[in-house]
Amino acid sequence: GQNIDQPTEMTATEGAIVQINCTYQTSGFNGLFWYQQHAGEAPTFLSYNVLDGLEEKGRFSSFLSRSKGYSYLLLKELQMKDSASYLCAVRATGANNLFFGTGTRLTVIP
Amino acid sequence: DVKVTQSSRYLVKRTGEKVFLECVQDMDHENMFWYRQDPGLGLRLIYFSYDVKMKEKGDIPEGYSVSREKKERFSLILESASTNQTSMYLCASNPGAEGYGYTFGSGTRLTVV
C-alpha cells in the first residue's frame, strides 16, 4: 500500500522562507512530484525528484531522500501569490499513476 | 503547451441521472486519468487508461465507469448519480515515459441534488 503524510496547514510571512515536508511509504519508488494548486483551480506541476538531492528552480527547490522516504519543498522570498495548496505525489515502481497526499495549505501573510 | 480540456466547469445533476464528464487532450498522450478531489481526502484515483479501449480501476471505481474510444478523449460516466458523488473531478494526462508528471484539466465541480 501507499501512504503520504504532509502537514495540513502552514502560515508564513511575505519575503520569508518556508519548508513543506512530505514523508511517504510506497511499494517501490519511481519518482516524487510537487504540485501547486490555487483555490478552485487545477494543480500545476512544480518539481520532480527521482534521485537523492536537491533540485532548484528559481524560488522553489525540492529535496529527496529515498532512504528516509522524505522530501521537502522549499519556497524562498515568499510572495502573496504563493498562497495555495501544495501537493506531494509519488509514483510507485511499475505504476502509471501517481498517489497524492492530502496537500498542505500555505497562507502567506503580509 | 499540452492542453487538457474538460467540457464543463460546473454541473448540477439530479440523483439517479446518468452523467457524462468529458476530457480531451491534444498532445497524443498515452495515459489519461480521472481523479476526484474532496476536502481532507486529497486526490483519489477513480480510473485510468493507458491506451485506446484499455482501462484500469483506481482506488475508488465503485459507481463509475469510463470509456476511451479515441486516444485523445477519456470519458467518466456516473451510471446513476448519488449525492455522495458531489465532488471536484479532475482529468489528467501524461505521455507515459518516466519522469513525466501529469497535466491536469481545469476540473469539473459536480453537484448532485
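Counting starts from 1 at the beginning of each chain's written sequence and moves along it residue by residue. Lettering of chains starts at A and numbering of ligands starts at 1, both following the order in which they are written. Note on the predicted model: pLDDT of at least 70 is required for a residue's local features to be given, and 80 or more for side-chain atom pairs to be given and counted; whole-chain, interface and lining totals, by contrast, use all residues. Only hydrogens and water are set aside; all other atoms, that is, all heavy atoms of the structure, feed into the side-chain values.

A. Expanded view of the pattern of salt bridges. All names here are of chain B. Here, a salt bridge means any Lys or Arg side-chain nitrogen found within 4 Å of an Asp or Glu carboxyl oxygen. This structure, assessed with the given rule, holds ten salt bridges over all chains. A salt bridge links glutamate 22 to arginine 73, with the nearest nitrogen and oxygen atoms 3.8 Å apart. Here the residue glutamate 22 occupies a position in strand S3 (residues 19–25), and arginine 73 occupies one in strand S8 (residues 73–78), the gap between them amounting to 51 residues. Think of it in three bands: residues with accessible area under 20% of the maximum for their type are buried, residues over 50% are exposed, and the middle band is partly exposed, with areas taken using a 1.4 Å probe on protein chains only. For glutamate 22, a relative accessible area of 22% translates into the label partly exposed. For lysine 53, the salt bridge identified is with glutamate 69, shortest N-O distance 2.4 Å. Remark: glutamate 69 occurs in strand S7 (residues 64–70) and lysine 53 occurs in the loop between strand S5 (42–51) and strand S6 (54–57); sequence separation between them is 16 residues. The helix count covers DSSP runs of H or I at least four residues long, the strand count covers runs of E at least two residues long, and both are numbered beginning at the N terminus.

B. Seen up close, the sheet that holds strand S1 (residues 4–6) of chain B. Residue and element names in this part refer to chain B. In this scheme, strands are said to pair when DSSP sees at least two bridges between them. Strand order in the open sheet formed by four strands is S1-S3-S8-S7, and the pairing between neighbours is antiparallel. Two strands close off the open sheet at either side, each with one partner strand: S1 and S7. Neighbour-to-neighbour, the strand axes of this sheet turn through a mean angle of 20°, independent of strand direction. Pairing of S1 with S3, which is carried by three bridges, proceeds in the antiparallel orientation. Looking at S3, one finds that valine 4 is bridged to glutamine 25. All axes are obtained by fitting lines to C-alpha atoms, using only the stretch in contact for helices, and the reported angles, taken between N-to-C directions, cover 0 to 180 degrees.

C. Local environment of the side chain of Ser65(A). All names here are of chain A. Looking at where serine 65 falls in the secondary structure, it is placed in strand S7 (residues 60–65). Given a relative accessible area of 9%, serine 65 falls into the buried group. Contacts are assigned to residue pairs with any non-hydrogen atoms lying within 4.5 Å of each other. Residue contacts for serine 65: discarding those within four places in its chain leaves Tyr24, Asp52 and Tyr70.

D. Fine view of the state of the cysteines. Here, the term disulfide refers to a pair of cysteine sulfur atoms separated by no more than 2.5 Å. With the rule as written, the count across this model stands at two disulfides over all chains. The disulfide partner of Cys22(A) is Cys88(A), and the S-S distance across this bridge is 2.0 Å. Here the S-S torsion is close to -70°, and the disulfide linking Cys22(A) with Cys88(A) is therefore left-handed. Of this pair, Cys22(A) sits in strand S3 (residues 18–25) while Cys88(A) sits in strand S9 (residues 84–90), and the two are 66 residues apart along the sequence. Each member of the pair Cys22(A) and Cys88(A) is classed as buried. Paired through a disulfide, Cys23(B) and Cys91(B) show a sulfur-sulfur distance of 1.9 Å.

E. Structural detail: the interface of chain B and chain A. Every contact between the two is made by 23 residues of chain B and, on the other side, 18 residues of chain A. A combined buried area of about 1,500 Å² lies between chain B and chain A, and 53% of that area is made up of carbon and sulfur atoms. One can count zero salt bridges joining chain B with chain A. N or O atoms closer than or at 3.5 Å make up a polar contact, with two conditions inside protein: a donor-capable atom paired with an acceptor-capable one, and, for residues adjacent in sequence, both atoms drawn from side chains. Where chain B meets chain A, there are five residue pairs in polar contact (both at pLDDT 80 or more). The set of elements that each furnish at least two residues to the side of chain B that touches chain A consists of strand S4 (31–38), S5 and strand S9 (87–94) of chain B. Per element, the largest residue contribution to the side of chain B that touches chain A is five residues, and it comes from S5(B). Note: buried area is the sum, over both parts, of the accessible area (probe 1.4 Å) each one loses when the two are combined.

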